Number of protein chains: 2
Amino acid sequence: MPTSADIDEREEGLELKPKFDASGLLTCVATDAATGEVLMVAHMNDEALRKTIASGEAWYFSRARNALWRKGETSGHTQHVVEMRMDCDQDAVWIRVEQKDAACHTGRRSCFYRRVEAGEGEARLTFVDADRLVDPAKVYGKHP
Amino acid sequence: MPTSADIDEREEGLELKPKFDASGLLTCVATDAATGEVLMVAHMNDEALRKTIASGEAWYFSRARNALWRKGETSGHTQHVVEMRMDCDQDAVWIRVEQKDAACHTGRRSCFYRRVEAGEGEARLTFVDADRLVDPAKVYGKHP
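Residues numbered from 1 in each chain as written. Chains lettered and ligands numbered in written order. Predicted model: local features only at pLDDT ≥ 70, side-chain atom pairs only at ≥ 80, totals over all residues. Heavy atoms only, no water.

Student: Which parts of the structure should I look at to understand the interface of chain A and chain B?
Tutor: Interfaces are often sized by the amount of accessible area the parts lose when they come together. Residue-level contacts link 48 residues of chain A with 48 residues of chain B. Overall, the association of chain A and chain B removes approximately 4,100 Å² of surface from exposure, summing both partners, and the carbon and sulfur fraction of that is 56%. The three residues of chain A that bury the most area against chain B are Leu-14, Phe-112 and Arg-114 of chain A, which together make up 16% of that side's buried surface. Joining chain A to chain B, the criterion identifies ten salt bridges. Residue Asp-129 of chain B pairs with Arg-85 of chain A through a salt bridge whose shortest N-O separation is 3.6 Å. (Contact = heavy atoms within 4.5 Å. Buried area = accessible area lost by both parts, 1.4 Å probe. Salt bridge = Lys/Arg side-chain N within 4 Å of Asp/Glu carboxyl O.)

Student: Sorry if this is basic, but what is going on with the pairing of strand E1 (residues 26–32) of chain B here?
Tutor: Every other side chain in a regular strand lies on the same face of the sheet, so the side chains alternate between the two faces. All names here are of chain B. Summarising burial for E1: seven of the seven residues are buried, a large majority. Of the two faces of E1, the one carrying Leu-26, Cys-28, Ala-30 and Asp-32 and the one carrying Thr-27, Val-29 and Thr-31 are both buried. Joining the antiparallel neighbours E1 and strand E2 (residues 38–44) is a turn of five residues, in which Gly-36 adopts a positive phi near 85°. Bridging between E1 and strand E6 (residues 92–99) involves six bridges; their strand directions are parallel. Within the sheet, the bridge partner assigned to Thr-31 lies in E6 and is Arg-96. (Buried < 20%, exposed > 50% of the residue type's maximum accessible area, 1.4 Å probe, protein only. Helix = DSSP H or I, 4+ residues; strand = E, 2+ residues; numbered from the N terminus. Pairing = 2+ DSSP bridges.)

Student: Would you take a moment to explain the environment of Gly-24 of chain B for this structure?
Tutor: All names here are of chain B. Positionally, Gly-24 belongs in the loop between helix H1 (4–12) and E1. In this structure Gly-24 comes out as partly exposed when scored by relative accessible area, which is 24%. Placed 37 residues apart in sequence, Gly-24 and Phe-61 show a C-alpha to C-alpha distance of 9.9 Å. Filtering out sequence-adjacent residues up to four positions away, Gly-24 remains in contact with Met-44, Asn-45 and Asp-46.

Student: When you look at the sheet that holds strand E1 (residues 26–32) of chain A in this model, what are you seeing that I'm missing?
Tutor: Strands in a sheet are paired, the pairing made by backbone hydrogen bonds, and the direction either parallel or antiparallel. Overall, mixed pairing links the six strands, which are arranged E2(A)-E1(A)-E6(A)-E5(A)-E7(B)-E8(B) in an open sheet. With partners counted over all chains shown, the strands left at the sheet margins are strand E2 (38–44) of chain A together with strand E8 (124–127) of chain B, one partner each. Sheet twist, expressed as the average angle between the axes of neighbouring strands with direction ignored, equals 35°. Sheet topology note: the strand E5 (residues 79–86) of chain A/strand E7 (residues 114–117) of chain B ladder contains two bridges and is antiparallel. Among the inter-strand pairings, Met-86 of chain A is bridged to a residue of E7 of chain B, identified as Arg-114 of chain B. (Axes fitted to C-alpha atoms, helices over the stretch in contact; angles between N-to-C directions.)

Student: For this particular structure, what's the right way to read the relation of the copies chain A and chain B?
Tutor: Between the two copies of this chain, the relationship is a rotation about some axis together with a displacement along it. Take chain A, turn it by 180°, move it 0.0 Å along the axis, and it overlays chain B with an RMSD of 0.0 Å. Taken together, the turn and the small shift mark the pair as related by a two-fold rotation axis. Looking at the rotation axis and the C-alpha trace of chain A, the residue lying nearest is Gly-36 of chain A, at 2.6 Å. A share of 98% of interface residues in chain A that are also interface residues in chain B marks the association as one of identical surfaces. (Least-squares fit on C-alpha atoms with pLDDT ≥ 70 in both.)

Student: Mind showing me how you'd approach helix H2 (residues 46–55) of chain A here?
Tutor: Residues three or four positions apart in an α-helix share a direction because the helix packs 3.6 residues into each turn. All names here are of chain A. Turning to H2, its buried residues number three or more, namely Ala-48, Leu-49, Thr-52 and Ile-53. Burial along H2 is one-sided: seen end-on, the buried residues are contained in an arc of 130°. The first or second residue beyond H2 is Gly-56, which carries a positive phi of 75°. (Arc of directions from axis to C-beta.)

Student: Before we go on, may I ask you to explain unusual backbone geometry in this structure?
Tutor: Among all residues save glycine, negative phi is the norm, and among peptide bonds the norm is trans. In this structure, Gln-90 of chain A takes a positive phi of about 60° despite not being glycine. Tracing the sequence through the fold places Gln-90 of chain A in the loop between E5 and strand E6 (92–99).

The following block contains the structure:
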């Protein structure tokens, strides 16, 4: 069990001590450095975190593909990191990025293109930024 | 395995079909509705998601305490939800909130109060918003 000294150091210290989860991952939120819009939520393992810090370009770890990837390596839709912040308990990072074209694999600027609307019965989704900047079939081939 | 029809429906449909992880959780990013600042990253289980949608106040599920909690129930630092968005594959939600006082349990406005700085050797953290709005010992007692 962590002691309160461990917690204090992690929360109040200046040492980067990422707290990876059982799968070895941190949560990463990427926002548009210009507009503040949340573009995507993804994960970083230790190597992705190190590569992102060293290169200034976003690297992630794909749980679905069980692989490290540089954002935009297939699509060209890279993320240049303007600033990286670490949260209090060091299990989540926030990167402010300059996003080239679309952050979302569906071809949209942000992955968060639908709003949740509470209704009379079940909650529903409505599109708010439905426009695709690019055609995912062209960028990723048939199986994005 | 999900079929491509399942994926299409989840990504392009208007039905709320949250994709909870193996622990029954979604990732939730809360940003300040006024400034766009990322305040915190936390988790919601099905009940937290439903309660948030129904009440317009943020509810989360604490992995550390294994318990549902209404944000601010102890501290009074509630989050009124202005807008909720769902991401492409419905495993992350983004809420834009009106945050009462501090989002972070350390008493700071945001959990992301330290910047990651790449240096010559190891990356280090620097404080960017170190000021505490409230004294956590007063809000939470001795053991925040």
